[in-house]
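Remarks on the overall topology
One-letter residues, chain by chain:
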Amino acid sequence: MFGLQAEACFDAAHFLAGHSGACRNLHGHRWRIVAELRGGELAAGGSGRDMLVDFAGLKQQLRALAAEFDHKLIYEAGTLRPATLAALREEDFALAELPFRPTAERLAQYFYHRLQADGLMVARVTVYETPENCAAYWEAE
Ligand SMILES: [Zn+2]
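Below is a summary of the structure that appears in this document. Worth saying up front: this structure is predicted, and the values here are computed from it rather than measured.

**Points about the overall build of the protein chain**
- For the protein chain, the helix and strand inventory stands at three helices and six strands.
- Going from the N terminus to the C terminus, the protein chain shows its helices and strands as β-β-α-β-α-β-α-β-β.
- For the C-alpha atoms alone, the extent of the protein chain along its principal axes is close to 55 × 30 × 25 Å.
- A total of 141 residues make up the protein chain; the buried ones form 18% of that total.
- Partitioning the contacts of the protein chain with sequence separation of at least 6, the portion at a separation of at least 24 is 61%.

As structure tokens, this is what we get:
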């Protein structure tokens, strides 16, 4: 098997509705997405010959994913009152609504499935919300 790893970062705010601690408050992170790919076959020809995946393309896919969330407020659908959402939109703040609680675990799972849907042989996605704390998602083989 061959494996490779690439990463991309973005800055975004979030909060965890219903959390009993400080995470219930609006706060920001420099999120770091680390994607690990795995496969048994290298490309037989072309510019990617003897590569599992061309880093250039992988980095581009990761950057595009990170850009979707960069400098936005990530929030779970249904956790902000309509009046709050309207006020944020009136201020022209960038918002990213997700159908799940935006924990590092769920974001890792979400990014895993997005990269898989892009056709990548993704083995694991790790999401750091601080330099010390991360969560990972992978699927049992
Ligand atoms: Zn947080």
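**Notes on the sheet that holds strand β5 (residues 122–128)**
- The six strands are arranged β4-β3-β1-β2-β5-β6 in an open sheet whose pairing can be described as mixed. Both edges of this open sheet fall to β4 (95–98) and β6 (134–137), since each of them pairs with a single strand only. The mean angle between the axes of side-by-side strands here comes to 30 degrees, regardless of whether they run parallel or antiparallel.
- Across four bridges, the pairing between β5 and β6 is antiparallel. Counterpart to V127 in the pairing with β6 is A135.
- Sheet strands touched by helix α3 (residues 104–117): β2 (27–39), β5 and β6. Its angle to β5, the strand with the most contacts, is close to 145 degrees.

**Comments concerning the environment of A13**
- Within the fold, A13 resides in strand β1 (residues 2–14).
- Sequence separation of A13 and A96 is 83 residues, and the distance between their C-alpha atoms is 9.8 Å.
- Sequence-distant contacts of A13, that is, excluding residues within four places in its chain, are made with L26, H27, G28, L73 and I74.

**Structural notes on unusual backbone geometry**
- The phi dihedral of D50 is positive, around 65 degrees, even though this residue is not glycine.
- Secondary-structure assignment places D50 in the loop between β2 and α1 (55–67).
- A tally of 9 C-beta atoms within 10 Å means that D50 is categorised as exposed.
- The phi dihedral of D92 falls on the positive side, at around 65 degrees, and the residue is not glycine.
- Its location among the elements puts D92 in the loop between α2 (82–90) and β4.

**Some details on the pairing of β2**
- Bridge count for β1 against β2 is 13 bridges, and the pairing is antiparallel. Bridge pairing in β2 places A12 opposite H29.
- Pairing analysis gives six bridges linking β2 to β5, with the strands arranged antiparallel. Across the sheet, V34 pairs through a bridge with T126, a residue of β5.

Cut-offs applied
- Residues numbered from 1 in each chain as written.
- Predicted model: local features only at pLDDT ≥ 70, side-chain atom pairs only at ≥ 80, totals over all residues.
- Helix = DSSP H or I, 4+ residues; strand = E, 2+ residues; numbered from the N terminus.
- Buried ≥ 20, exposed ≤ 12 C-beta atoms within 10 Å, placed from the backbone.
- Contact = placed C-beta atoms within 7 Å.
- Pairing = 2+ DSSP bridges.
- Axes fitted to C-alpha atoms, helices over the stretch in contact; angles between N-to-C directions.

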